[in-house]
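# Observations on chain architecture
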Amino acid sequence: MEKKPPIDVQGGCLCGAVKVRATASPHMGACHCTMCRTWSGGPYMALDAGETARFEGEESIAVFKSSAWAERGFCRTCGTHLFYRVQQSGQTLLPPGLVDDHDARLTFDHQVFIDKKPDLYSFANETVDMTEADIFAKFGGG
Ligand SMILES: [Zn+2]
Ligand SMILES: [Zn+2]
């Protein structure tokens, strides 16, 4: 699949207390792991913002350490999911719903932890799919 260059994105949470700006890959992914599905209520849709995400309204951000290597942030007031962050590298994945004009600007082209996806749903998009074993082989930790 053709690799598109990063784009500047901005947006904010439902109540407006938290704003974000980042330079992110327009290639949107979905994670089907159990933690993401519990946290999101469904697959976690995500944009890789590398280390570029800058938040305004830090006092409104609650952070939950969800594993030995990662943490998840959300707005204290409205509960909007703000990020999944790998603590060591600072790599941040942003939910596409935070990004203004996301429908026109993003491409949904990959899915991770596809082996954890319940049979309940399946996306019709053409995607590159990775299993848990693929991910640990590539990144050494999810
Ligand atoms: Zn909010
Ligand atoms: Zn996940």
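Going by the structure above, here's the rest.
Okay, so let's go over this structure. Only a predicted model underlies this, so the values are computations on that prediction, with no experimental measurement involved.

### Comments concerning the sheet that holds strand 7 (residues 70-75)
The mixed open sheet is built from eight strands, whose spatial order is 6-7-8-9-4-3-10-11. Sheet topology places strand 6 (61-65) and strand 11 (128-130) at the edges, where each strand pairs with a single neighbour. For this sheet the average axis-to-axis angle between neighbouring strands, irrespective of direction, equals 30°. Of the pairings in the sheet, the one linking strand 6 to strand 7 comprises five bridges and is antiparallel in character. Bridge assignment links Val-63 to a residue of strand 7, and that residue is Gly-73. The strands that helix 3 (residues 132-139) touches are strand 10 (107-112) and strand 11; relative to strand 11, the one it contacts most, it runs at about 85°.

### A word on the coordination of the zinc ion (ligand 2)
Binding of the zinc ion (ligand 2) to the protein goes through Cys-31 (SG), Cys-33 (SG) and Cys-36 (SG), at separations of 2.1 to 2.3 Å. Every donor residue of the zinc ion (ligand 2) comes from the same chain, spaced as C-x1-C-x2-C. Each member of the pair, Cys-33 together with Cys-36, is buried.

### Overview of the coordination of the zinc ion (ligand 1)
In ideal tetrahedral geometry, four donors around a metal make angles of 109.5 degrees, whereas ideal octahedral geometry with six donors gives angles of 90 or 180 degrees. At 2.3 to 2.4 Å from the zinc ion (ligand 1) lie its protein donor atoms, namely Cys-13 (SG), Cys-15 (SG), Cys-75 (SG) and Cys-78 (SG). Note that the zinc ion (ligand 1) binds four donor atoms; their angles at the metal cover 106 to 114°, and the shape is tetrahedral. Here the donor residues for the zinc ion (ligand 1) map to a single chain with the spacing C-x1-C-x59-C-x2-C. Highlighted residues: Cys-15 in the loop between strand 1 (7-12) and strand 2 (19-24) and Cys-75 in strand 7, separated in sequence by 60 residues. By relative accessible area, which is 38% here, Cys-15 ends up partly exposed. For Cys-75, a relative accessible area of 1% puts it in the buried group.

### Things to note about the sheet that holds strand 5 (residues 54-56)
If you walk across this open sheet you meet the three strands as 1-2-5, and the pairing is antiparallel. In this open sheet, the two strands that pair with only one neighbour each are strand 1 and strand 5. Neighbour-to-neighbour, the strand axes of this sheet turn through a mean angle of 15°, independent of strand direction. Two elements, strand 2 and strand 5, share three bridges in a ladder whose sense is antiparallel. Looking across to strand 5, one finds that Arg-21 is bridged to Arg-54.

### Comments concerning the packing of aromatic side chains
Using the criterion set out here, one finds four aromatic pairs in the structure. Measuring from centroid to centroid gives 5.2 Å for Phe-108 and Phe-123, while their planes differ by 85°, and the two rings are edge-to-face. With Phe-108 in strand 10 and Phe-123 in the loop between strand 10 and strand 11, this pair connects stretches of sequence that are 15 residues apart. By relative accessible area, which is 12% here, Phe-108 ends up buried.

### Observations regarding unusual backbone geometry
The bulk of non-glycine residues show a negative phi, and the bulk of peptide bonds are trans. Its identity as a non-glycine residue notwithstanding, Asp-101 has a phi of 55°, on the positive side. The topology assignment puts Asp-101 in the loop between strand 9 (92-94) and helix 2 (102-105). You can call Asp-101 exposed: its relative accessible area is 59%. In this structure, Phe-113 is a non-glycine residue whose phi angle is positive, near 55°. Among the structural elements, Phe-113 can be located in the loop between strand 10 and strand 11. Exposure remark for Phe-113: the relative accessible area of 11% places this residue in the buried category.

Definitions and limits used
- Residues numbered from 1 in each chain as written.
- Chains lettered and ligands numbered in written order.
- Predicted model: local features only at pLDDT ≥ 70, side-chain atom pairs only at ≥ 80, totals over all residues.
- Heavy atoms only, no water.
- Pairing = 2+ DSSP bridges.
- Helix = DSSP H or I, 4+ residues; strand = E, 2+ residues; numbered from the N terminus.
- Axes fitted to C-alpha atoms, helices over the stretch in contact; angles between N-to-C directions.
- Contact = heavy atoms within 4.5 Å.
- Donors = N, O, S within 2.8 Å, 3.2 Å for Na, K, Ca; no water.
- Buried < 20%, exposed > 50% of the residue type's maximum accessible area, 1.4 Å probe, protein only.
- Tetrahedral: all angles 85-135°; square planar, octahedral: opposite > 155°, others 65-115°.
- Phe/Tyr/Trp six-rings, centres within 6.5 Å; stacked < 30°, edge-to-face > 60°.

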